[in-house]
Amino acid sequence: MRKLRIAAILIFIGLLSLSGARAAAGDAPEAWQKEFEAVCSQTQDAMGFTPQQLQTLVHRCDALVPQIEKLDDVRKRVFLPRLRQCRGVFTYVLESKNESGSK
Amino acid sequence: LRNFVVENDVATAMPCVMVALKCLQFTQFLLWRWAMMQKIRAAIALMLAFAAPLCAQSGPKRRPLPYQYGRVILNNYTTDKTWVAPVVFDHWRHRAKFTCRLCHVDIGFMMKAGGTGIRAADNMSGYYCGACHGGKALFDGNGKALNDGKPVFAACSNSMTENDRLRCERCHSQGISDKSDADFLRFAQPLPKERFGNGLDWQQAEEQGMIHPVDIVKGISMAKKPMALPKEKEQLLTAKVVTMPNIIFSHQKHTVWNGCESCHPDPFASVKKGELSYTMSSIFQGKFCGTCHTSVAFPLTNCQRCHSTPVGP
């Protein structure tokens, strides 16, 4: 009986810690999300970046694509177009800077 | 006598000939008319044959009433088996409170009909409508409470009672309730007026501080600095027709509502001057400026809003 009680307590503690870890993981932004926000929050400053900085941001966007593609359907539908928009702005500004530089 | 008879015969025969001639003429006229009618009928039939598919394609065209301008009906997954009616979304209700950028960039609503494919499950997971309509209070980028601090009604839920039905019908309202008319009149009453679209000058309303469209909502938008508006104030675009006033385009005015992502690279993709050919025909088809100015922003019938430079001698 004593062993059974100990086993039950251990299982209970284990389950508690598991659910706690899951909750913590749910609240905290995932790594891809942090990177996504770090990159895409810079679109409005794009005009002030150098071509090299813009190129780096485009590469960072490209690196995010496979990570977002692994997500569930709804998050893919929300974040992939959002990432495309964000990458698009950087590419657009980069092209515009290259265009004005070549004149 | 013979002469008389002949003359008399001719005299008596003349009316008969005349009548015959008249009859012939009348018959000819009838035949001509019949042929004409046939041609007209054929022309009408041809016109109908061509017009029918055109009408079927575009639907009956009627200028929307001010409160209906910018209305979107979302009917993605509503079937006869589901009891909910299609969603009626009036752009003006949200435009009065939020920028276009917030919904079309941060939340991810596509600018093309049916492009987003919203489902109730998405709303329940906190995406699309559910991003704001989650039954919680919202705060702007500076931490100021929105909606007078009241929680925003939840968009969709799995469990519902009969009382929830009223909440559902706030959006799923097609054919059920339409209070837009009265709501719009109340909302529009103090705002500057325009001739077309919603009948409101949204830009002036924003500039005069009569409306304060929120661009950042905490927990939805990414944390970032307030946007620096483009330095260049206005850009002159030359109209193709000589007598047509040139266009004054303001990056500043557009950026307040749209940010950068709403316009670049789509629908204005090229950076090379003169590479994109803007024609009124393409714009009327919903390309370039027509992306917004055929459906939500002031419509293309309001020529002077863009073609606004004085025409010189």
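Predicted model only: the values in this text are computed from it and were never measured. (Residues numbered from 1 in each chain as written. Chains lettered and ligands numbered in written order. Predicted model: local features only at pLDDT ≥ 70, side-chain atom pairs only at ≥ 80, totals over all residues. Heavy atoms only, no water.)

Attention shifts here to the interface of chain B and chain A. Taken together, the contacts link 26 residues of chain B with 22 residues of chain A. In this assembly, chain B packs against chain A so that about 2,100 Å² is buried in total across both faces, 59% of it on carbon and sulfur atoms. In this structure, the connection of chain B to chain A is made through 4 salt bridges. Linking Asp73 of chain A and Arg119 of chain B is a salt bridge whose minimum nitrogen-to-oxygen distance equals 3.0 Å. For the pair chain B and chain A, the number of links is 8 residue pairs in polar contact (both at pLDDT 80 or more). Considering every element that reaches the side of chain B that touches chain A, the biggest residue donor is helix H3 (residues 100–107) of chain B, with 4 residues. Here the side of chain B that touches chain A is composed, by residue class, of 14 nonpolar, 5 polar and 7 charged. (Contact = heavy atoms within 4.5 Å. Buried area = accessible area lost by both parts, 1.4 Å probe. Salt bridge = Lys/Arg side-chain N within 4 Å of Asp/Glu carboxyl O. Polar contact = N/O pair within 3.5 Å; in protein donor to acceptor, adjacent residues only side chain to side chain. Helix = DSSP H or I, 4+ residues; strand = E, 2+ residues; numbered from the N terminus. Nonpolar A, V, L, I, M, F, W, Y, C, P; charged D, E, K, R; others polar.)

A word on the packing of helix H2 (residues 31–40) of chain A against helix H4 (residues 73–102) of chain A. Residue and element names in this part refer to chain A. In contact at an axis separation of 10 Å, H2 and H4 are set at 30° when each is read in the N-to-C sense. As for the relative orientation of H2 and H4, their crossing is left-handed in sense. Each of Trp32, Phe36, Val39 and Cys40 in H2 lies in contact with H4, whose residues at this interface are Arg75, Phe79, Arg82, Leu83, Cys86 and Phe90. Here the contact of H2 with H4 is built from residues that sort into 8 nonpolar, no polar and 2 charged. (Axes fitted to C-alpha atoms, helices over the stretch in contact; angles between N-to-C directions. Left-handed = near helix turned anticlockwise from the far one by under 90°.)

So, on to the nonpolar core. Membership of the largest hydrophobic core comes to 39 residues, with the highest contact counts inside it found for Phe36, Ile68 and Phe90 of chain A together with Val217 of chain B. Of all the secondary structure elements, the ones that give two or more residues to this core are H2, helix H3 (51–69) and H4 of chain A together with H3 of chain B. In terms of residues, this core owes the most to one element, H4 of chain A, which gives 10 residues. Those residues in contact with Phe90 of chain A that sit more than four places away from it in its chain are Val39, Gln42, Thr43, Ala46, Leu54, Leu57, Val58 and Cys61 of chain A. Counting residues in each nonpolar core, the second largest holds 11 residues, with Ala96, Ala188, Leu200 and Trp202 of chain B among its members. (Core = buried A, V, L, I, M, F, W, Y, C linked by side-chain atoms within 4.5 Å. Buried < 20%, exposed > 50% of the residue type's maximum accessible area, 1.4 Å probe, protein only.)

These results come straight from atomic positions and should not be treated as a statement about function.
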